[in-house]
Amino acid sequence: MSYSGSMLGLNSPPFDPKKPKMLISKAIEIEFAEKARNKASQSGITDLSQYDVQIEKLYTELDAMFGGEEEKTSSQECLNSSCKSENFGMKAFTRDLRTNFKGLDDIYVWHALCGAWGGVRPGTTHLDTKIVPCKLSPGLGGTMDDLAVVKIVEGSIGLVHPDQAAKFYDSMHSYLSKVGITGVKVDVIHTLEYVSEDYGGRVGLAKAYYEGLSKSLAKNFNGTGLIASMQQCNDFFLLGTKQISMGRVGDDFWFQDPNGDPMGVYWLQGVHMIHCAYNSMWMGQFIQPDWDMFQSDHLCAKFHAGSRAICGGPVYVSDSVGGHDFDLLKKLVFPDGTIPKCILSALPTRDCLFKNPLFDSKTILKIWNINKCGGVVGAFNCQGAGWDPKEKRIKGYSHCYKPISCSVHVSDIEWDQMKDATEMGEAEEYAVYFSEAEKLIVTTSNSEAIPITILPSTFEIFSFAPIKKFDRSLKFAPIGLTNMFNSGGTIQGLVYNKSSVEIEVKGGGNFLAYSSVSPKKCYLNGSEVGFNWSENGKLGLYLPWIEEASGISNVAFVY
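Keep in mind that what you see is a predicted model, and the values were worked out from it rather than measured.

Basis of the calculations
Along every chain, residues carry numbers that run from 1 in the direction the sequence is written. Totals for whole chains, interfaces and linings use all residues, but because this is a predicted model, local features are given only for residues with pLDDT of at least 70 and pairs of side-chain atoms are given and counted only at 80 or more. With hydrogens and water stripped out, all remaining heavy atoms of the structure feed into the side-chain values. Axis definition: a line fitted to C-alpha atoms, over the contacting stretch in the case of helices. Angles run 0 to 180 degrees between N-to-C directions. Where helices and strands are cited, they refer to DSSP runs of H or I of at least four residues and of E of at least two residues respectively, numbered from the N terminus. Roughly parallel refers to an angle under 35 degrees, roughly antiparallel to one over 145, roughly perpendicular to one between 65 and 115, and oblique to any angle outside these ranges. Residues are treated as being in contact if the distance between any of their heavy atoms lies within 4.5 Å. By the convention adopted, Pro, Cys, Tyr, Trp, Phe, Met, Ile, Leu, Val and Ala count as nonpolar, Lys, Arg, Asp and Glu as charged, and the other residues, Gly among them, as polar. To form a nonpolar core, buried Ala, Val, Leu, Ile, Met, Phe, Trp, Tyr and Cys residues must be joined to one another through side-chain atoms within 4.5 Å. Burial here depends on accessible area, computed with a 1.4 Å probe over protein chains only, as a share of the maximum for the residue type. Under 20% is buried, over 50% is exposed, and the range in between is partly exposed. What makes a salt bridge here is a side-chain nitrogen of Lys or Arg within 4 Å of a carboxyl oxygen of Asp or Glu, nothing more. Counted as a polar contact is a pair of N or O atoms within 3.5 Å, where, for protein atoms, one must be capable of donating a hydrogen and the other of accepting one, and residues adjacent in sequence contribute only when both atoms are in side chains.

**Considering the packing of helix α10 (residues 264-283) against helix α11 (residues 301-310)**
- In contact at an axis separation of 10 Å, α10 and α11 are set at 10° when each is read in the N-to-C sense. Looking at the two axes, α10 sits roughly parallel to α11. On the side of α10, the interface is formed by Gln269, Gly270, His272 and Met273, while α11 contributes Phe303, His304, Ser307 and Arg308.
- Tallied by class, residues from the contact of α10 with α11 come to two nonpolar, five polar and one charged.

**Here we look at the nonpolar core**
- Among the nonpolar cores identified, the biggest contains 80 residues, and Leu159, Tyr209 and Phe236 are the most heavily contacted of them.
- Top contributing element to this core by residue count: α10, with nine residues.
- Among residues more than four places away in sequence, those in contact with leucine 159 are Cys114, Asp128, Thr129, Lys130, Val132, Leu192, Val195, Tyr199, Leu205 and Tyr209.
- In this structure, Leu347, Val408, Ala421 and Met424 belong to the second largest nonpolar core, which totals 24 residues.

**Digging into the pattern of salt bridges**
- Following the criterion strictly, the structure yields 26 salt bridges and no others.
- Note that lysine 26 and glutamate 61 form a salt bridge whose closest N and O atoms lie 2.7 Å from each other. You can see lysine 26 sitting in helix α1 (residues 19-42) and its partner glutamate 61 sitting in helix α2 (residues 49-66), a full 35 residues away along the chain.
- The exposure class of glutamate 61 is partly exposed, given its relative accessible area of 24%.
- As a salt-bridge pair, glutamate 428 and lysine 469 come within 2.9 Å of each other at their nearest N and O atoms. Of this pair, glutamate 428 sits in the loop between β13 (404-408) and β14 (429-434) while lysine 469 sits in strand β18 (residues 468-469); the two residues are 41 residues apart in sequence, bridging distant segments of the chain.
- Put simply, Lys26, Glu29, Lys57 and Glu61 are held in one network by salt bridges that share partners.

**Thoughts on the environment of threonine 444**
- The residue threonine 444 is located in strand β15 (residues 439-444) in this model.
- Once the C-alpha coordinates of threonine 444 and glutamate 429 are considered, the two residues, 15 residues apart in sequence, prove to be 4.4 Å apart.
- Separated by 2.8 Å, the side chains of threonine 444 and serine 447 make a polar contact.

Function cannot be inferred from these measures alone, as they are strictly geometric.
In structure tokens form, the structure reads like this:
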């Protein structure tokens, strides 16, 4: 179906926010039906007619949900009439998006590394394309059974000759750039390994394709307009990063189990976090780890959001239109679209490096990171699932899906991994804020570890702020905005004077600091304002978001 400039018109079509998920659910039904047919065929059953009838019925239902003949007729009418080119097609669509959403910076589209899932059909373009049968290496053969991959292997790949890789990508990207697209998400990156035998091997073929992709990015998308998807292979690390430095470190965000386990909606989310955290140990040496998207209205959306807040990478969601939890998103993202990002890439703490935080019934995933004026540890209960090499799938371990206890200590943060943070790791005392419990405590490097019990698919984030001692009675440490998951990431600057503290904060909301005594005065952007202080050391005030100042507030406490 083609776009006909109807988004902003008076008679724009109605939109049902439930429809995208209904379409996905129907597509999953089809996937299960096709898997059942494949399984029956592999078991020796020759009469597959009942499966074929069921699959055809489901496809008919899916077509009807899309609009069927009505949509086709509408598009054909526009094609046969006097629809003006500026109000039709992709260019009109991107223009209307930018008109309707004023803060929209970029519009990306998806494509596979070889073009589409199955490549490029020979004879349909000016390119030299050949159907190449897929050969699975032992490594690829041992990965998860996935219907999309099965179909690729069955149908082979229409491979553009590697000598024309640059022309191939430029043919797509130059058109997209002209119609308002600013970047691409490139998926199915492992497919080159299927078809490399006759093209100089895996390395030779990958060199040609990534060189072509890099040239096209430089020409059409300012060099960096790429989100890399499913690229957990050395080819990408070493050959595909000439123009970009970021790549995915985990499997897809599975909003439910593709094999039908209803509990997968919960336990698959922990698997995703484990992949990202442990893969970052290796992949983070080459690239900026990207923990992938999630859906803000998912049952475990908060669980995902907590990990993205301190992962040190980008934050993005794959919400359906209208399917947004803005209250949750506001705990991750500032109104201007920027985020309170940690400085490094989150990594597992030392005490869980060689443990099994997926199905040993006792280990919590703990990840650490560093902010400009403090450190952070996130503790996530990911127990309940794991990889089964015999079944070649992730399956649930329900006996592990239960509350798990652990402990957190300031030494979990590897302060010496960043030169500017070494001094923070040598502080005598720290103020620690619990994001979920909304609790503030004081600890030392010699204190016992902080014990905590975490329910399944939940978490706690501990923000550690080094305490500055002015004299015997006055101690101070800024926590940041507690309405953000990564409260410490909102602190942009900190200056200690003889009898005052100056803090630069980005964002709007509830600012919190630890102060052993009450300040005499508080100033916000040069004007004296009120504040709240309690004897347990909590010092707070509300900061407005000031658009003209890019959300920056200057706070000063005088003692």
